[in-house]
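Listed here are the chains, written in short residue letters.
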Amino acid sequence: MRYLLNGDDGKNSTTFTVWVYPEPWCFEQTPDEEKESAVFPLSDEGMDEAFAWLLERFEAEKERWSSALQGMMHTIANSD
């Protein structure tokens, strides 16, 4: 499982968005339908909430993340 955190309004952000997406591609190359996101307040509590959400997403879809990793390893092994 890959993830990305980004402030929603540059230096004036009061919220941030967290995305999760599968291997093997970078965020920009991953199709939007394979990404999930949630918005959190830009605070210590919001960071705790985001971390809890990331853990929940990982636990809820372990098979998805495992199969994405296996697919990535297959892609790398067969790239000759």
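What counts, and at which threshold
- Residues numbered from 1 in each chain as written.
- Predicted model: local features only at pLDDT ≥ 70, side-chain atom pairs only at ≥ 80, totals over all residues.
- Heavy atoms only, no water.
- Patch = residues over 30% accessible without salt bridge, like charges linked within 9 Å, V, L, I, M, F, W, Y side chains within 5 Å.
- Areas by Shrake-Rupley, 256 points an atom, 1.4 Å probe, with all protein chains shown as cover.
- Salt bridge = Lys/Arg side-chain N within 4 Å of Asp/Glu carboxyl O.
- Helix = DSSP H or I, 4+ residues; strand = E, 2+ residues; numbered from the N terminus.
- Buried < 20%, exposed > 50% of the residue type's maximum accessible area, 1.4 Å probe, protein only.
- Pairing = 2+ DSSP bridges.
- Axes fitted to C-alpha atoms, helices over the stretch in contact; angles between N-to-C directions.

Visitor: Mind showing me how you'd approach a nonpolar patch on the surface here?
Guide: Nonpolar side chains collect at one region of the surface, where Tyr3, Leu5 and Met47 lie side by side and expose about 300 Å² of accessible area between them. Along the polypeptide, leucine 5 turns up in strand 1 (residues 2–7). On the basis of relative accessible area, leucine 5 is assigned to the partly exposed category, the value being 34%.

Visitor: Quick question: what am I supposed to make of the sheet that holds strand 2 (residues 15–21) here?
Guide: Across a sheet, paired strands are connected by hydrogen bonds in the backbone, their directions being either parallel or antiparallel. In spatial order, the strands read 1-2-3; together these three strands make up an open sheet with antiparallel pairing. Across the chains shown, the open sheet's two edge strands, defined by having one partner strand only, are strand 1 and strand 3 (36–41). In this sheet, adjacent strand axes meet at a mean angle of 20° when their direction is disregarded. Pairing of strand 2 with strand 3 involves six bridges; the strand directions are antiparallel.

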